[in-house]
Amino acid sequence: MKITDIRFGMLRVPLKTPFKTALRTVEAVEDIVVTVHTDTGHVGYGEAPATAVITGDTHGSIVEAIRKFIAPRLIGQEIANLNHITQLIQSSLEKNTSAKAAVEIAIYDLFGQLYGAPLYKMLGGGDPVITTDITISVDYIDKMVADSLSAVDRGFESLKIKVGKDIGVDIERVKAIYAAVEGRALLRLDANQGWTAKQAVYAICMLEDAGVRLELVEQPVKAQDLDGMKYVTERVHTPIMADESVFGPTEVIDLIRMRAADIINIKLMKTGGISNAIRIADIAALYGVECMIGCMLETSISVAAAVHVAVAKANVITKIDLDGPSLCAFNPVDGGVIFNESEISITDAPGLGIREIRGLEALPA
Ligand SMILES: C[C@H](N)C(=O)N[C@@H](CCC(=O)O)C(=O)O
Ligand SMILES: [Mg+2]
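What counts and how
- Residues numbered from 1 in each chain as written.
- Chains lettered and ligands numbered in written order.
- Predicted model: local features only at pLDDT ≥ 70, side-chain atom pairs only at ≥ 80, totals over all residues.
- Heavy atoms only, no water.
- Helix = DSSP H or I, 4+ residues; strand = E, 2+ residues; numbered from the N terminus.
- Buried < 20%, exposed > 50% of the residue type's maximum accessible area, 1.4 Å probe, protein only.
- Contact = heavy atoms within 4.5 Å.
- Lys, Arg positive; Asp, Glu negative; His and termini not counted.
- Charge placed at Lys NZ, Arg CZ, Asp CG, Glu CD.
- Near = heavy atom within 4 Å.
- Polar contact = N/O pair within 3.5 Å; in protein donor to acceptor, adjacent residues only side chain to side chain.
- Areas by Shrake-Rupley, 256 points an atom, 1.4 Å probe, with all protein chains shown as cover.
- Pairing = 2+ DSSP bridges.
- Axes fitted to C-alpha atoms, helices over the stretch in contact; angles between N-to-C directions.
- Donors = N, O, S within 2.8 Å, 3.2 Å for Na, K, Ca; no water.
- Disulfide = S-S within 2.5 Å.
- UniProt positions renumbered as here; feature names shortened; annotations may be inferred.
- Salt bridge = Lys/Arg side-chain N within 4 Å of Asp/Glu carboxyl O.

Novice: Could you give me a rundown of the overall build of the chain, with the residues and numbers involved?
Specialist: What the chain contains, in helices and strands, is 13 helices and 17 strands. Dimensions along the principal axes, computed over C-alpha positions, put the chain at roughly 60 × 40 × 35 Å. A burial count over the chain gives 59% of its 365 residues as buried. Look at the contacts in the chain between residues 6 or more apart in sequence, and 74% of them connect residues 24 or more apart. Separation between the mean location of the 35 positive side-chain charges and that of the 47 negative ones in the chain comes to 3 Å.

Below, the structure is given as structure tokens:
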């Protein structure tokens, strides 16, 4: 099975409700879809969101990185040589992790199709059913409480509460949600870099003293402020998780050795795809550090790939934040992983199992 062509499309899917974090507000998923074509007629699917505020990637940069730097190296490559292809992708240019991820996901999809096995089995196997949390956007307190209760009624047992807007209101937001859902759902907070280290310690200690039990607090301070992450981690009981602070395996090693966080959030769009996500999971396992696997605003194309990784690396990926498809107003994918609110399950279809993507707008090759 040899690669013959790489094509692009734009996929637009409205969100059920605006997605609001300390960094941005978004009303629709608008992602680049990559299809990798082969001489056997098999097609691999990948996806990349333009999360410029986190990865620096835009629609234009994703398409240009693939068109000019990645695709020319891959045409003619044999899918069976997976490690060689991932090395070609990763070394094709610096950064541009979303572009690399989209292409790698499509290649791994084809690798599974080549051997007639679902991707998670090619990655080592596991229990093909996992449970995700759901994000509660930062908003007025009453709205966040209502959104949290509605999520719990839909069966979500873990809520990822977005904070990081205003420290005083953030504390009240979390207290109100905790009181409303106590005993029915676990709470994770994600400040998306919105606090200073001192504010984070203050807020988390206030919540701890008030008896609010939090599963973890994600990325309290600026991405580059590793000293700030360490400052917070050392001063609170609640586990601290690094998200925007770590992209690839070497950054993860540095962060773990600094003891700057307790947990790592792995995202394919930060790692540049599946090969580095697996490396990070293996590194974390060596150090005895737990991981979450998360997503950006992505549909069930690239999130499916993250699900396969989560299942195969369940020994270390103990927390799942793969709610992108649940946030979308509809599923544009025919086939693939089944997203049913909090429960996500993988079928026996080869690769990612995607048959078709509805509503894809072709972009020039
Ligand atoms: C969607 C997911 N639950 C999430 O919150 N992901 C990111 C933010 C993604 C974005 O802004 O597109 C995170 O910070 O964890
Ligand atoms: Mg985050």
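Still to come is the rest of the account.
Novice: Any chance you could break down the site of ligand 1 for me, citing the residues and the numbers?
Specialist: As a matter of local geometry, ligand 1 sits amid 16 residues, with R24, T135, N192, C295 and D323 nearest to it. Here an oxygen atom of ligand 1 and a side-chain polar atom of K162 are 2.8 Å apart. Here D323 contributes a side-chain N or O atom positioned 2.8 Å from a nitrogen atom of ligand 1. Protein chains bury 100% of the 390 Å² of accessible surface belonging to ligand 1 in isolation.

Novice: Now, about the sheet that holds strand β14 (residues 338-340): what can you tell me, with residues and values included?
Specialist: The antiparallel open sheet is built from 3 strands, whose spatial order is β4-β15-β14. The sheet is open, and its two edges are formed by β4 (129-131) and β14, each paired on a single side. Here the strands of the sheet are splayed against their neighbours by 20 degrees on average, with no regard to which way each runs. Of the pairings in the sheet, the one linking β14 to strand β15 (residues 343-345) comprises 3 bridges and is antiparallel in character. Across the sheet, I338 pairs through a bridge with S345, a residue of β15.

Novice: Quick rundown of the coordination of the magnesium ion (ligand 2)? Include the residues and the values.
Specialist: Here the magnesium ion (ligand 2) is held by the protein donor atoms D190 (OD), E218 (OE) and D243 (OD), which lie 2.1 to 2.3 Å from it. As a motif over one chain, the donors of the magnesium ion (ligand 2) read D-x27-E-x24-D. Placement of E218 in strand β8 (residues 216-218) and of D243 in the loop between β9 (240-242) and α9 (249-258) is noted, with a sequence separation of 25 residues between them.

Novice: Talk me through the sheet that holds strand β2 (residues 25-38); I want residue IDs and the actual numbers.
Specialist: Hydrogen bonds between backbone atoms are what pair the strands of a sheet, whose relative direction is either parallel or antiparallel. Within the open sheet, the 4 strands sit side by side as β3-β2-β1-β17. Their pairing is antiparallel. Because the sheet does not close on itself, it has two edges, and the strands there are β3 (43-49) and β17 (361-362). Of the pairings in the sheet, the one linking strand β1 (residues 3-20) to β17 comprises 2 bridges and is antiparallel in character. Bridge pairing in β17 links G9 to A362.

Novice: Run through the state of the cysteines, naming residues and quoting values.
Specialist: Evaluated as defined, the whole model comprises 0 disulfides. Not part of a disulfide, C291 finds its nearest cysteine sulfur in C295, a span of 16 Å. The buried category is assigned to C291, whose relative accessible area is 0%.

Novice: Quick rundown of the UniProt feature "domain: Mandelate racemase/muconate lactonizing enzyme C-terminal" (unreviewed entry) in the chain? Include the residues and the values.
Specialist: Residues annotated by UniProt as "domain: Mandelate racemase/muconate lactonizing enzyme C-terminal" (unreviewed entry) correspond here to residues 141-239. The span residues 141-239 is 52% helical and 13% strand by assignment, and the distance between its end C-alpha atoms comes to 24 Å.

Novice: Now, about the environment of P72: what can you tell me, with residues and values included?
Specialist: Inspection of the secondary structure assignment puts P72 in helix α1 (residues 59-74). We classify P72 as exposed; its relative accessible area is 52%. Each C-alpha atom of the pair P72 and I6 lies 9.2 Å from the other, and the pair is 66 residues apart in sequence. Other than its neighbours up to four places away in sequence, P72 contacts I66 and R67.

Novice: Describe in detail the pattern of salt bridges, supporting the description with residues and values.
Specialist: With the rule as written, the count across this model stands at 25 salt bridges. Linking D133 and R188 is a salt bridge whose minimum nitrogen-to-oxygen distance equals 3.0 Å. You can see D133 sitting in the loop between β4 and β5 (134-136) and its partner R188 sitting in strand β7 (residues 186-190), a full 55 residues away along the chain. Exposure remark for R188: the relative accessible area of 5% places this residue in the buried category.

Novice: Explain the side chain of S345 to me, using residue names and the numbers behind them.
Specialist: With respect to the secondary-structure elements, S345 resides in strand β15. Not counting the four nearest positions on each side in its chain, S345 is found in contact with P128, V129, V337 and I338.

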